[in-house]
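# Results of the structural survey
Each chain, written out:
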Amino acid sequence: MDGPDVMDLYCRKSKKLRQGSHKQELSMDAQEARGRGFAAREGYRIGVVHKA
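Residues numbered from 1 in each chain as written. Predicted model: local features only at pLDDT ≥ 70, side-chain atom pairs only at ≥ 80, totals over all residues. Heavy atoms only, no water.

### Considering the environment of Glu25
On the secondary structure map, Glu25 appears in the loop between β3 (22-24) and α1 (28-42). Residues Glu25 and Ser14 lie 11 residues apart in sequence; the distance between their C-alpha atoms is 6.0 Å. (Helix = DSSP H or I, 4+ residues; strand = E, 2+ residues; numbered from the N terminus.)

Structure follows, in structure tokens:
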């Protein structure tokens, strides 16, 4: 089968991440945006976006 591979995204409420001396949370929308960016760069298309 020719064409792009398919990947699903799983986004969830994140714990606080430490970045230097700052803490930040990555929202589900930001996680989805990062996942979509990765998919585009790597030649995947998004199948389903799961949010929990």
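### As for the pattern of salt bridges
In the structure shown here, the tally under the stated rule is three salt bridges. Note that Arg36 is salt-bridged to Glu32, the shortest N-O span being 3.0 Å. Of this pair, Arg36 and Glu32 both sit in helix α1, separated by four residues, roughly a single helical turn. Residue Arg36 is classed as partly exposed on the basis of its relative accessible area, which comes to 39%. Residue class for Glu32 comes out buried when judged on its relative accessible area of 15%. Shared partners join several salt bridges into a network, and the residues in it are Asp29, Glu32, Arg36 and Lys51. (Salt bridge = Lys/Arg side-chain N within 4 Å of Asp/Glu carboxyl O. Buried < 20%, exposed > 50% of the residue type's maximum accessible area, 1.4 Å probe, protein only.)

### What to know about α1
With 15 residues, α1 extends 21 Å between its outermost C-alpha atoms, agreeing within 8% with the 21 Å of an ideal straight helix rising 1.5 Å per residue. Along α1, the positions that sit buried rather than exposed are Gln31, Glu32, Gly35 and Ala39. Relative to the axis of α1, the buried residues are bounded by an arc of 100 degrees and lie together on one face. Counted as exposed and oriented over 90 degrees from the buried face of α1: Asp29, Arg34, Ala40 and Arg41. Contacts made by the buried residues of α1 are with β1 (5-11) and β4 (44-51). A positive backbone phi angle near 85 degrees is found at Gly43, which sits one or two residues after α1. (Expected span 1.5 Å × (residues − 1). Arc of directions from axis to C-beta. Contact = heavy atoms within 4.5 Å.)

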